[in-house]
Amino acid sequence: MSARDGGHGGGIGGVGTLGRRGRYEDSEFTLRIYPGSLAEGTIYCPVSARKSTTAAEAIERCLERLRLDRDRCYVLAEVKEFGGEEWILNPSDCPVQRMMLWPRGALEQRSGSGGGEDYRFLLRQKNLDGSIHYGGSLQMWLRVTEERRRMTERGLLPQEEVRGDHADLCCLPELTERSLLDNLRSRFRQERIYTYVGSILIVINPFQFLPIYNPKYVKMYDNHALGDLEPHIYAVADVAYHAMLQRRRNQCIVISGESGSGKTQSTNFLIHHLTALSQKGFASGVEQIILGAGPVLEAFGNAKTAHNNNSSRFGKFIQVNYQESGTVRGAYVEKYLLEKSRLVYQEHNERNYHVFYYLLAGASEEERSAFHLKKPEEYHYLNQMTKKVLRLHWENYYESDADCFTVEGEDLKHDFERLQLAMEMVGFLPATRKQIFSLLSAILHLGNIRYKKKTYRDDSIDICNPEVLPTVSELLEVKEEMLFEALTTRKTMTVGERLIVPYKLAEAGTVRDSMAKSLYSALFDWIVFRINHALLNNRDLEESAKIFSIGVLDIFGFEDYENNSFEQFCINFANERLQHYFNQHIFKLEQEEYRAEGISWHNIDYIDNTGCINLISKKPTALLHLLDEESNFPQASNQTLLDKFKRQHEGNGYIEFPAVMEPAFIIRHYAGKVKYGVKDFREKNTDHMRPDIVALLKSSKNAFICGLMGIDPPATFRWAVLRAFFRAMVAFRESGKRHVHRKTGHDAAAPCAVLCSVDSFSFLHHPVHQRSLEILQRCKEEKYSVVRKSLRTPLSDLQGSNTLNEKSPRDGVGWNGRGGRQGRLSSSGSNTEEDGGIFVNSTSSKLLERAHGILMRNKNYKSKPSLPKHLLDVKSLKYLSNLTLHDRITKSLLHLHKKKKPPSISAQFQASLNKLMETLGQSEPYFVKCIRSNAEKLPLRFNDGGCARSPAYPCSVA
Ligand SMILES: Nc1ncnc2c1ncn2[C@@H]1O[C@H](COP(=O)(O)OP(=O)(O)OP(=O)(O)O)[C@@H](O)[C@H]1O
């Protein structure tokens, strides 16, 4: 693709600034549409398009140029990297927007350097039954495959085994570690990366996309039993889908494997197939949002690590919900344990979360100055790794410097553009995005605050670089003095007296980092919440509606590093629970079933890890409970914690203590022994945001920051509605007065004068007021009342002003909108539950109606571009908050449990794991085990040692 105006013909990869982004909105690009067999002799047809050009329009132009038969029906298919997988675009989809989500490499290759045929648009013809016509080749191909299978069955063709490998390891004549490895290696060399072990799918990450994900394969695996065909990830998705429909039971697919083994990639294939299966090739609204949600979650939750340049630093469970008929109706994302420590510290050769680098590389000049952005190397939270390198190679600082902030083949500017677009796709308006980036900048500046001792004699501290404070206070919109106090002193109550105690030097750094980590994780929670809101379907709110679901769990694999700490302990505990679930299903339940049916069966010994799970989590003396006890005890230390572990569990076969006096303990996990250092265990387990910091942030004038501190989304939403009302009223009246004043030269107090002259006002066209007016209309329609019985101190807006009316094109609701969501809202009944509701009195109602009339009549008025986002409302917010009740991370981070102490991090993690296990327990499971073919990430290279050592290696699970 190339942009023809604006002078950035190198493709969208070169568009990085806001100003350029503005031009980019109107730029004309060239789409290359490949007609394939529909126009023999034409490789591709260049079609000019803008960001808003629809697929239907692009097809029209293409048909015109190629003079194709217009009586036929055509669609545009987007082919993405994974070996030719095709995504059919809806007529209203915008191909340029899809293309903007492609990685820069794809766009560059497109501009002529060759080899980039992976990403492209194809012109496809649609058959009468709605299926896609593949020019006969698919049918032929399927026939050949089928024929081949029949001939093999009849013995006319050699069996697969003759080639020396088995598609199912259970069929191996001899089951040894050697034979398993030989079989996997042999298959891998034939580019067969998938192998079954019974019903379990093993994937060996080839680090190169193979052409096995295109529609031929989608079709081929449709409605076959597992094992009928060559193993494939699509086969698992397909079997789960049909089992859900036939047995009317929820299904789940559990993906495991070490970092870089391909879990996330497998999840992507599964989700695409699971949504595509029910869509007959068309991307639904849900699929679109899932499509946008991926890059957003990735930018905020992934980072470069030593093992994987794009490693997910959080676990996720994506649940695709279906109607009884089997069509997708919505989805839900649950996240587990975002790695917070990465925000303030990274190991050598690792980076902070991607989004920081994207922002610093891609922000426009305007954004740079608004957020006071610097270079990455000037931020403490990003440059610690550089400093390490610096110490090693002082003389070649600049080389090392560049290496640390970019990854080979990466274009951060392009990634920033892509992120912005993805955020737009999940419904984040420009103002919301600005709030998010401003918060990220505040976090970076916060990290630059350094402390020093005031004097040698006492412990009191000061900030070395006070010039940073105004920047942070400006970005967070808090008072500078309050910020200084919160960062240097602690307020405590002792016998009714309020004490202000200065932090010690080491403490202050922890407080600063804790504030940064908590802000970031609250932001991440907020993003997940908003994505879930976008993925929510109206019908999910109806209790009677029957939902079936298929969940895909992509959770961090087993970890054993040189230094293991609290995070690894939690992660490995989660893996123990999953291994237990796996054992239950694969061995125990199956054997019990055989025995119940009277089938003679020799029980297979498997490693039962119940003992290890009990050691870690069984009340009252398990390690996690002892940790909680010691975390609550002010005099305790990590050493007393270790002593407690020893006293309580000495002699337990699952725990050992190093012979030398080392502050560590060793757990015998199912996947091997891991040594954990107890340093920081207590601190990490109670990593809550301090009350002083919460109070500071709640004092922010910025509704978005306050919103992050809000624990009750429905309540904060109502406050947002109220605020919007007053904002609109005040603005409307004030502007009216000003206008009359200008015209008559004296103050016009009478509202009628305002109304008479308001037609020409432009202030109403400001997005904030448009939104306020729309919100007000909704209030009116919901019969809210304007006068609150008692005005409490606002809990603040959850969403900030710009997010309240982000709405879905599906809603189709205008000012006087009927039907759609509006219908749902008025029938929701949520308003009646409210005490002290909001009443629209008749004067303000008239005022607003008039204002709206003006707004709508004005010929300059343009409706906002419709966004793939649901309208927020109390009922859906309540629904979502209930779904995430178990996950009280944000709540506890903010220390909002007034009476009780907030639950510890490990307690919250256990609660979310329990919920996950409950969901899995109610589903029929499938297991996908991912293995890294080599540690160097080389394409199609099989390293025996690496594969056999993998915790997902069949020997260690079977
Ligand atoms: N099936 C596949 N075909 C081709 N390449 C793959 C495949 N699966 C994974 N990869 C490559 O391997 C890289 C690492 O995979 P992925 O990020 O999915 O690993 P992961 O197990 O999720 O790692 P982490 O636990 O660190 O998040 C991907 O960026 C991709 O380049």
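Residues numbered from 1 in each chain as written. Predicted model: local features only at pLDDT ≥ 70, side-chain atom pairs only at ≥ 80, totals over all residues. Heavy atoms only, no water.

In the nomenclature of an unreviewed UniProt entry, the protein is known as Unconventional myosin-IXAa of Salmo salar.

A.B. asks: Could you give me a rundown of the overall build of the protein, with the residues and numbers involved?
C.D. replies: Across its full length, the protein carries 36 helices and 22 strands. Relative to its 958 residues, the protein shows a buried fraction of 56%. Excluding contacts between residues fewer than 6 apart, the proportion of contacts in the protein whose partners are at least 24 apart in sequence is 70%. As presented, the protein carries roughly 42,000 Å² of accessible surface, and 52% of it is formed by carbon and sulfur atoms. (Helix = DSSP H or I, 4+ residues; strand = E, 2+ residues; numbered from the N terminus. Buried < 20%, exposed > 50% of the residue type's maximum accessible area, 1.4 Å probe, protein only. Contact = heavy atoms within 4.5 Å. Areas by Shrake-Rupley, 256 points an atom, 1.4 Å probe, with all protein chains shown as cover.)

A.B. asks: Run through the environment of Lys80, naming residues and quoting values.
C.D. replies: Along the chain, Lys80 falls in the loop between strand E3 (73–79) and strand E4 (86–88). Of the residues examined, Lys80 reaches a relative accessible area of 15% and is grouped as buried. Taking the C-alpha atoms as reference points, Lys80 and Tyr213, separated by 133 residues in sequence, lie 9.9 Å from one another.

A.B. asks: Any chance you could break down the site of the ligand for me, citing the residues and the numbers?
C.D. replies: The local shell around the ligand holds 19 residues, among which Ser259, Lys263, Thr264, Ser311 and Ser312 are the closest. For the ligand, an oxygen atom lies 2.8 Å from a polar atom in the side chain of Asn205. Ser311 places a polar side-chain atom, nitrogen or oxygen, 2.5 Å from an oxygen atom of the ligand. Here the ligand, which alone exposes 630 Å², has 88% of that area covered by the protein. Mapped by element, the contributors of at least two residues to the shell around the ligand are helix H9 (263–277) and strand E11 (311–312). A total of 4 residues in the shell around the ligand trace back to one element, the largest contributor, which is H9. Residues belonging to the shell around the ligand are distributed by class as follows: 5 nonpolar, 12 polar and 2 charged. (Near = heavy atom within 4 Å. Polar contact = N/O pair within 3.5 Å; in protein donor to acceptor, adjacent residues only side chain to side chain. Nonpolar A, V, L, I, M, F, W, Y, C, P; charged D, E, K, R; others polar.)

A.B. asks: Give a description of the packing of aromatic side chains that names residues and reports values.
C.D. replies: This structure, assessed with the given rule, holds 22 aromatic pairs. Seen from their ring centres, Tyr353 and Tyr520 are 5.3 Å apart, and the 20° between their planes marks the pair as stacked. Placement of the pair is Tyr353 in the loop between strand E13 (328–336) and helix H11 (354–362) and Tyr520 in helix H19 (residues 505–535), with a sequence separation of 167 residues. Assessed through its relative accessible area of 0%, Tyr353 is described here as buried. Taken together, the ring pairs in this structure connect Phe566, Phe569, Phe645, Phe665, Tyr676 and Phe681 into an aromatic cluster. Across from the ring centre of Tyr654, 4.7 Å away, lies the NZ or CZ of Arg668, which sits over that ring. Its end group placed over the ring of Phe582, Lys929 keeps NZ or CZ at 4.3 Å from the ring centre. (Phe/Tyr/Trp six-rings, centres within 6.5 Å; stacked < 30°, edge-to-face > 60°. Lys NZ or Arg CZ within 6 Å of the ring centre and 35° of its normal.)

A.B. asks: Explain unusual backbone geometry to me, using residue names and the numbers behind them.
C.D. replies: A cis geometry characterises the amide bond from Lys619 onward to Pro620, with omega recorded as 0°. Here Pro620 shows up in the loop between helix H21 (610–617) and helix H22 (623–632). Positive phi, close to 55°, is recorded for Arg67, a residue that is not glycine. Counting through the fold element by element, Arg67 comes out in the loop between helix H2 (55–66) and E3. Residue classification places Arg67 among the exposed positions, given a relative accessible area of 74%. The phi torsion at Asn223 lies on the positive side, around 60°, for a residue other than glycine.

A.B. asks: Got a sec to walk through the sheet that holds strand E7 (residues 194–197)? Specific residues and values, please.
C.D. replies: Strand order across the open sheet formed by 7 strands is E7-E8-E22-E9-E18-E12-E13, with mixed pairing between neighbours. Each of the sheet's edge strands pairs with one partner strand only, and the pair in question is E7 and E13. Pairwise comparison of adjacent strand axes, ignoring direction, gives a mean angle of 20° for this sheet. (Pairing = 2+ DSSP bridges. Axes fitted to C-alpha atoms, helices over the stretch in contact; angles between N-to-C directions.)

A.B. asks: Residue-level account of the UniProt feature "binding site: ATP" (unreviewed entry) in the protein, with values.
C.D. replies: Within the UniProt annotation, "binding site: ATP" (unreviewed entry) is assigned to Gly257, Glu258, Ser259, Gly260, Ser261, Gly262, Lys263 and Thr264. As for its placement among the helices and strands, Ser259 is situated in the loop between strand E9 (251–256) and H9. Along the chain, Gly260 falls in the loop between E9 and H9. When sequence neighbours within four positions are dropped, the list of residues in contact with Gly260 reads Asn205, Phe207, Asn308 and Arg932. (UniProt positions renumbered as here; feature names shortened; annotations may be inferred.)

A.B. asks: Describe the sheet that holds strand E20 (residues 664–669), naming the residues involved and giving the relevant values.
C.D. replies: The 3 strands are arranged E19-E20-E21 in an open sheet whose pairing can be described as antiparallel. Looking at which strands have only one partner, the edges of the open sheet turn out to be strand E19 (655–656) and strand E21 (672–677). Across 6 bridges, E20 lies against E21 in antiparallel orientation. Each residue of the ladder has a partner; that of Arg668, found in E21, is Lys673. Each of E19 and E20 touches H21; the most contacted strand, E20, lies at about 145° to it.

A.B. asks: Let's hear about the packing of helix H18 (residues 480–488) against helix H25 (residues 691–698): which residues, and what values?
C.D. replies: At their nearest, the axes of H18 and H25 sit 9 Å apart, and the two run at 165° to each other. Relative to H25, H18 is oriented roughly antiparallel. The element H18 and its partner H25 pack so that their crossing is left-handed. Of the residues in H25, those in contact with Met482, Leu483 and Ala486 of H18 are Asp692, Ile693, Ala695 and Leu696. Considering only residue class, the contact of H18 with H25 consists of 6 nonpolar, no polar and 1 charged. (Parallel < 35°, antiparallel > 145°, perpendicular 65-115°, else oblique. Left-handed = near helix turned anticlockwise from the far one by under 90°.)

A.B. asks: Could you give an account of the packing of helix H17 (residues 468–476) against H18, naming the residues involved and the relevant values?
C.D. replies: Their axes nearest at 9 Å, the elements H17 and H18 cross at an angle of 110°. Judged by the inter-axis angle, H17 sits roughly perpendicular to H18. On H18, the residues touching Leu469, Pro470, Val472 and Ser473 of H17 are Glu480, Leu483, Phe484 and Leu487. Looking at the contact of H17 with H18 residue by residue, the classes come out as 6 nonpolar, 1 polar and 1 charged.

A.B. asks: Give a detailed account of the nonpolar core, specifying residues and quantitative values.
C.D. replies: Core analysis: the biggest nonpolar cluster contains 206 residues, and Phe300, Phe356 and Phe665 have the highest contact counts within it. Residue contributions to this core peak at 14 residues, all from H19. In this structure, Phe300 is in contact with Tyr353, Val355, Leu419, Met423, Ile436, Leu440, Tyr520, Leu523, Phe524 and Ile527, ignoring residues within four places of it in sequence. (Core = buried A, V, L, I, M, F, W, Y, C linked by side-chain atoms within 4.5 Å.)

A.B. asks: Explain H25 to me, and be specific about the residues and the numbers.
C.D. replies: Because an α-helix packs 3.6 residues into every turn, residues spaced three or four apart end up facing the same way. Among all positions of H25, only Asp692, Ile693, Val694, Leu696 and Leu697 are buried. On its buried side, H25 packs onto H17, H18, strand E16 (489–494), H19 and helix H26 (703–709).

A.B. asks: Could you give an account of the pattern of salt bridges, naming the residues involved and the relevant values?
C.D. replies: If you walk through the whole model with that rule in mind, you get 32 salt bridges. Salt-bridge contacts for Arg72 lead to Asp69; the nearest nitrogen and oxygen are separated by 3.8 Å. Overall, Arg72 belongs to the partly exposed group, its relative accessible area being 46%. On the accessibility criterion, Asp69 (35% relative accessible area) is partly exposed. (Salt bridge = Lys/Arg side-chain N within 4 Å of Asp/Glu carboxyl O.)

A.B. asks: With reference to specific residues and values, describe H2.
C.D. replies: Under the 1.5 Å per step criterion, the end-to-end length of H2 is 16 Å for 12 residues, consistent within 8% with the ideal 16 Å. What H2 keeps buried is the set Ala55, Ala58, Ile59, Cys62, Leu63 and Leu66. Along H2, the residues classed as buried sweep out an arc of 135° about the axis, all on the same side. Counted as exposed and oriented over 90 degrees from the buried face of H2: Glu64 and Arg65. Buried residues belonging to H2 abut strand E1 (29–34), strand E2 (45–49), E3, helix H3 (95–100) and strand E5 (120–126). One or two steps after H2, the chain reaches Arg67, where phi turns positive at roughly 55°. (Expected span 1.5 Å × (residues − 1). Arc of directions from axis to C-beta.)

A.B. asks: Quick one: what's the story with the environment of Arg124, residue by residue and with numbers?
C.D. replies: With respect to the helices and strands, Arg124 occurs in strand E5. Between the C-alpha atom of Arg124 and that of Tyr34, which follows or precedes it by 90 residues, the distance is 9.1 Å.

A.B. asks: Let's hear about the pairing of E5: which residues, and what values?
C.D. replies: Burial runs high along E5: 6 of the 7 residues are buried. Sheet topology note: the E1/E5 ladder contains 2 bridges and is parallel. In the sheet register, Ile33 faces E5, and the bridge partner there is Phe121. Of the strand pairs in this sheet, E3 and E5 are connected by 7 bridges, and their pairing is antiparallel. Across the sheet, the residue bridging to Cys73 is Lys126, located in E5.

A.B. asks: Explain the confidence of the model for the protein residue by residue, including any values.
C.D. replies: When pLDDT drops low, the exact placement of atoms in the prediction is not to be read closely. When pLDDT is averaged along the protein, the result is 75; 65% of the residues meet or exceed 70. Mean pLDDT across the secondary structure elements of the protein bottoms out at helix H30 (residues 820–828), with 29, and peaks at H17, with 97. Below pLDDT 50 for its whole length, residues 388–402 participates in 13 contacts with residues either more than four positions away or in separate chains. (pLDDT = per-residue confidence, 0-100.)

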